[in-house]
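Structure at a glance
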Amino acid sequence: MALVLYRKYRPASFKDVVGQEHVVRTLTSAIAANDFAHSYLFTGPRGTGKTTLARLIAKSLNCQNRKNGEYEPCNKCVSCDEIARGVAIDLIEIDAASNRGIDEIRALKEGIRFGPTHSKYKVFIVDEVHMLTKEAFNALLKTLEEPPAHAVFVLATTEIQKVLPTIVSRSQRFDFRRLRHGEIKKRLEALAKREEKSVEPRILDVISTKADGSIRDAESMLGQIFALGNEATMEDIEFLLGAVDLGTLHALFEHLAAGKKPEIFTLMNAIKEQGADLEEFLRHLLRYVRWMMNSRIADRNGDGRADGA
Ligand SMILES: Nc1ncnc2c1ncn2[C@@H]1O[C@H](COP(=O)(O)OP(=O)(O)OP(=O)(O)O)[C@@H](O)[C@H]1O
Ligand SMILES: [Mg+2]
Ligand SMILES: [Zn+2]
């Protein structure tokens, strides 16, 4: 069974969050000063820490051992423990993607009138908030106009342009960024160490590149590698990760540039027959094109730099 590393290692403290420095800094000082917003909007690519930080806010605000001026949750009290186990009743998580929200928002509106059951704050996390129906949006908006003092909202989205401006303007917005290759690799090294596994650095390099800024994706790939055991070769890994070989990418690129339609068609069919994920393949192709363009520009500038960043 593949290890689900990204569940096992979800950061339990602010200090364990990788990157997103500006978000962490602003949130932690607001919590320490007991002067935090009642509606946050987290936006950014998938797997970069939005839900993680939303839960950390809930944990910290409701931690029974946290003193004035501090921001880290203790991770020992009943409240911290319930949040870690996903059973805290005063932390309400709504996934707008799987349920377009109207019932949930109605329940939220009703729930919000009552104070928290046995904590200081009721924290509502609305994931993929851009997916809410118009009615649900409006209901949420009404709630955000006059949130009761015991309520804190964290709205998260990967598509900020689809969130109503009125929601955006009523929240404190934080933009999460893709994590850098080096940051991801370092995190993977640390996880491998904690799992007492050794993984070749070049494998970690491949994963960190393929993750394209998402720590979650990187962690789930690492879990798959662990599941292969110690015998995994670089070939296994490329296959497992769906990495496409450069030769195929280059051939397709040439055909595209030359507008050779039949060749493009034949090659795409061959790729599909090999069982490759076409969307994945196209992402690789885009990266390849970007890389080619970069190296051309670098050649022209004569600085020899050809990174695909
Ligand atoms: N900045 C980060 N620092 C450390 N670990 C992270 C970070 N971002 C993501 N992770 C890892 O990835 C997992 C998933 O992250 P999280 O749920 O916070 O992503 P998200 O931004 O909410 O993504 P989505 O948009 O898909 O909901 C975490 O459990 C953690 O293991
Ligand atoms: Mg999330
Ligand atoms: Zn605690």
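Please refer to the structure higher up on the page.
Residues numbered from 1 in each chain as written. Chains lettered and ligands numbered in written order. Predicted model: local features only at pLDDT ≥ 70, side-chain atom pairs only at ≥ 80, totals over all residues. Heavy atoms only, no water.

Moving on to the site of ligand 1. In the vicinity of ligand 1 there are 19 residues, among which Tyr-6, Gly-47, Lys-50, Thr-52 and Glu-219 approach most closely. One of the backbone N or O atoms of Gly-49 is found 3.0 Å from a nitrogen atom in ligand 1. Look at ligand 1: alone it shows 630 Å² of surface, and the protein chains cover 95% of it. Where the shell around ligand 1 is concerned, the elements lending two or more residues are helix H3 (50–62) and helix H10 (215–228). Residue composition of the shell around ligand 1, grouped by class: 6 nonpolar, 6 polar and 7 charged. (Near = heavy atom within 4 Å. Polar contact = N/O pair within 3.5 Å; in protein donor to acceptor, adjacent residues only side chain to side chain. Areas by Shrake-Rupley, 256 points an atom, 1.4 Å probe, with all protein chains shown as cover. Helix = DSSP H or I, 4+ residues; strand = E, 2+ residues; numbered from the N terminus. Nonpolar A, V, L, I, M, F, W, Y, C, P; charged D, E, K, R; others polar.)

This part is about the coordination of the zinc ion (ligand 3). The coordination sphere of the zinc ion (ligand 3) contains the protein donors Cys-63 (SG), Cys-74 (SG), Cys-77 (SG) and Cys-80 (SG), at a distance range of 2.3 to 2.4 Å. Angles of 99 to 119° at the metal separate the 4 donor atoms of the zinc ion (ligand 3), which places the site in the tetrahedral class. On the primary sequence, the residues serving as donors to the zinc ion (ligand 3) are separated as C-x10-C-x2-C-x2-C. For Cys-77, a relative accessible area of 7% gives the class buried. (Donors = N, O, S within 2.8 Å, 3.2 Å for Na, K, Ca; no water. Tetrahedral: all angles 85-135°; square planar, octahedral: opposite > 155°, others 65-115°. Buried < 20%, exposed > 50% of the residue type's maximum accessible area, 1.4 Å probe, protein only.)

Within the largest apolar cluster, 27 residues are counted, with the highest numbers of intra-cluster contacts made by Leu-27, Tyr-40, Phe-42 and Leu-53. Listed by contribution, the elements that provide at least two residues to this core are helix H2 (21–32), strand E1 (39–43), H3, strand E3 (122–127) and strand E4 (151–157). It is H3 that provides the largest number of residues to this core, a total of 6 residues. Beyond its immediate stretch of four places on either side in the chain, Leu-53 contacts Phe-14, Val-17, Val-23, Val-24, Leu-27, Phe-42 and Phe-176. (Core = buried A, V, L, I, M, F, W, Y, C linked by side-chain atoms within 4.5 Å. Contact = heavy atoms within 4.5 Å.)

One open sheet accounts for 5 strands, arranged E2-E3-E4-E1-E5; its pairing is parallel. The open sheet has two free edges, formed respectively by strand E2 (91–95) and strand E5 (172–175), since each of these has just one partner strand. Put simply, the sheet's adjacent strands are angled 15° from each other on average, direction ignored. Examined bridge by bridge, E3 and E4 share 5 bridges and lie parallel to one another. Bridged to Lys-122 within E4 is Ala-151. Those strands touched by H3 are E1, E2, E3 and E4, and its axis lies near 155° from that of E1. This element, helix H6 (residues 134–145), spans E1 and E4 of the sheet and lies at about 140° to E4. (Pairing = 2+ DSSP bridges. Axes fitted to C-alpha atoms, helices over the stretch in contact; angles between N-to-C directions.)

What follows is about the environment of Leu-285. Tracing the backbone through its elements, the reader meets Leu-285 in helix H14 (residues 278–301). Overall, Leu-285 belongs to the buried group, its relative accessible area being 8%. Residue contacts for Leu-285: discarding those within four places in its chain leaves Leu-249, Leu-252, Phe-253 and Leu-256.

By themselves these figures say nothing about function.
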